[in-house]
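Okay, here's what each chain looks like letter by letter:
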Amino acid sequence: MPDLPNPAHHTDFLAKAKEALDIEAQAISALVPKLNGQFSAAVQAILDCKGRVILIGVGKSGLIAQKIAATLASTGTPSFFVHATEASHGDLGMITADDVVLALSNSGQTEELVAVIPAIARRGAKIVAMTGKMDSTLARQADLVLDCSVEKEACPLNLAPTASTTAALAMGDALAVVVLKARGFTEEDFALSHPGGSLGRKLLTHVRDVMRQGDRVPMVTPSASISSAILEITKKGLGMTAVVDANKTLLGVFTDGDLRRLIEQGLDLRGLIVSEVMSANPRSISPDKLAVEAVRMMEVNHISQVVVTDAERRVVGALNFHDLFEAKVV
């Protein structure tokens, strides 16, 4: 680890950092009393929107707008970002009368943004301003205004957008959260927008998607010898074999753990058949179940593999914990 700075400097650094965080925390807290009917109307406008929710801004406000657009899109509200400068050079064509536009500018006087607001209004889109100046040009031109003003920036020069961008981001998050709750947005809905994430994999991956099928499923008949069962376990590499009848109905399982226990008991395995030593009526899981349910089953019952059966308890697949790990469900 690198050496810490001079103790005096270290203390000063921490004090300044705490001051900055306190200013930003206070900026967010100060938004609460500013929530009013304009906020509720903005939420309703988004819920009633037949088009897209479009975020627009430039500079630091533009970056915050991009994040809000991403949050809305990922929580069930189709949304995207338009750069105000690009809007005046053709991207205005992305905006229609069915859209709701959230326009971000702390000063409310950003030239590139203010220049395109009248054109957006002529298209018939509803305009919601998110600004720190309620008497600004942007605020006057908007249909609705959300007050994101802050007492001061965390920047000691009171110049760099810090507390103001934090406040705007928090207000955008508040909008997104209220909207998703009003829509009844669920974990499953979230997963549909995040198929590559861990939650998406857990909520979208079913047992049928990861189970072993066909010749990869270890199966023996009840009259099979122990040596035949061992060969099947070894060949299929699942750590067990299902024991089935002629219709592939599950009768039991024989695992490598069962084999070790037989050896420890000193039994003569040569004279035994599987039906004499199998675990009868074992747990199984449906292929339509979520893969994460298979994980829970294995963890609760302290097992490493499970047979997959249909409604008639016929074996259609099998999987072990490693299969689930490879599918990144675990």
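Whatever comes next refers back to the structure up there.
Okay, so let's go over this structure. The structure presented is a predicted model; accordingly, all values stated were derived computationally and were not measured. (Residues numbered from 1 in each chain as written. Predicted model: local features only at pLDDT ≥ 70, side-chain atom pairs only at ≥ 80, totals over all residues. Heavy atoms only, no water.)

Attention now goes to the overall build of the chain. The secondary structure content of the chain amounts to 15 helices and twelve strands. Over its C-alpha trace the chain gives a radius of gyration of 31 Å, far above what one expects of a compact globule, namely 20 Å for 330 residues. Each of the three principal axes of the chain carries a C-alpha extent, and together these read 95 × 60 × 35 Å. When burial is assessed residue by residue, the chain has 43% of its 330 residues classed as buried. Sequence separation of 24 or more characterises 63% of the internal contacts of the chain that already satisfy a separation of 6 or more. For the chain, the computed accessible surface area is about 17,400 Å², with 55% contributed by carbon and sulfur atoms. Each charge sign in the chain was given a centre, from 32 positive and 37 negative side chains, and these centres are 2 Å apart. (Helix = DSSP H or I, 4+ residues; strand = E, 2+ residues; numbered from the N terminus. Rg over C-alpha atoms; globule rule 2.2 N^0.38 Å. Buried < 20%, exposed > 50% of the residue type's maximum accessible area, 1.4 Å probe, protein only. Contact = heavy atoms within 4.5 Å. Areas by Shrake-Rupley, 256 points an atom, 1.4 Å probe, with all protein chains shown as cover. Lys, Arg positive; Asp, Glu negative; His and termini not counted. Charge placed at Lys NZ, Arg CZ, Asp CG, Glu CD.)

The element strand 1 (residues 53-57) is extensively covered by neighbouring structure, given that five of its five residues are classed as buried. Going residue by residue along strand 1, you find V53, L55 and G57 tucked away on one face and I54 and I56 tucked away on the opposite face as well. Summarising the sheet, strand 1 and strand 2 (residues 79-83) pair through five bridges and their orientation is parallel. Residue L55 lies in a different strand from strand 2, and its bridge partner there is F81. Of the crossover connections in this fold, the one passing from strand 1 over helix 3 (residues 59-74) to the parallel strand 2 is right-handed. In this structure, strand 1 lies alongside strand 3 (residues 100-105), joined through four bridges in parallel fashion. Among the inter-strand pairings, L55 is bridged to a residue of strand 3, identified as L102. (Pairing = 2+ DSSP bridges. Right-handed = clockwise from strand over helix to strand, strands pointing away.)

Packing of helix 3 against helix 7 (residues 163-183) leaves a shortest axis separation of 10 Å and a crossing angle of 20°. It follows from the interaxial angle that helix 3 and helix 7 lie roughly parallel. As helix 3 runs across helix 7, the sense of the crossing is right-handed. Only T165, A168, L169, G172, D173 and A176 of helix 7 make contact with helix 3, whose side of the interface consists of K60, I64, K67, I68, T71 and L72. By residue class, the composition of the contact of helix 3 with helix 7 is six nonpolar, three polar and three charged. (Axes fitted to C-alpha atoms, helices over the stretch in contact; angles between N-to-C directions. Parallel < 35°, antiparallel > 145°, perpendicular 65-115°, else oblique. Left-handed = near helix turned anticlockwise from the far one by under 90°. Nonpolar A, V, L, I, M, F, W, Y, C, P; charged D, E, K, R; others polar.)

Backbone hydrogen bonds are what pair the strands of a sheet, in a parallel or an antiparallel way. The strand order across the open sheet formed by five strands is 2-1-3-4-5, and the pairing between neighbours is parallel. The two strands at the open ends of the sheet, each matched to only one other strand, are strand 2 and strand 5 (144-147). Neighbour-to-neighbour, the strand axes of the sheet open up by a mean angle of 20°, direction not taken into account. Pairing of strand 4 (residues 126-131) with strand 5, which is carried by four bridges, proceeds in the parallel orientation. Following the sheet pairing, A129 is matched in strand 5 by V145. Sheet strands in contact with helix 2 (residues 37-48) are strand 1, strand 3, strand 4 and strand 5, and its direction is about 125° off that of strand 5.

Looking now at helix 5 (residues 111-123). Of all bends in helix 5, the biggest is about 30°, found at I117, and the proline P118 comes one to four residues later. Of all the residues in helix 5, the buried ones are L113, V114, V116, I117, A119 and I120. The inward-facing, buried residues of helix 5 abut strand 1, helix 4 (84-87), strand 3, strand 4 and helix 6 (137-141). (Bend = angle between axes of the 7 residues up to and from the residue.)

With that settled, consider unusual backbone geometry. Here N158, not a glycine, exhibits a phi torsion of approximately 60°, which is positive. Among the structural elements, N158 can be located in the loop between strand 5 and helix 7. Look at N158 and you get partly exposed, because its relative accessible area is 43%.

We now examine the environment of R123. Relative to the helices and strands, R123 resides in helix 5. Assessed through its relative accessible area of 37%, R123 is described here as partly exposed. Each C-alpha atom of the pair R123 and G93 lies 9.6 Å from the other, and the pair is 30 residues apart in sequence. Each residue touching R123, except ones within four places of it in the same chain, is listed here: L92, G93, I95, T96 and A97.

Glancing now at the nonpolar core. In this structure, L55, L102, L104, L146 and L175 are the most contacted members of the largest nonpolar core, which totals 28 residues. Listed by contribution, the elements that provide at least two residues to this core are helix 2, strand 1, helix 3, strand 3, strand 4, strand 5 and helix 7. Tallying contributions element by element places helix 7 first for this core, with six residues. Apart from the residues within four sequence positions on either side, L55 is in contact with A65, I68, A69, L72, S79, F80, F81, V82, L102 and L104. Listed in part, the 22 residues of the second largest apolar core include L92, I127, A129 and A142. (Core = buried A, V, L, I, M, F, W, Y, C linked by side-chain atoms within 4.5 Å.)

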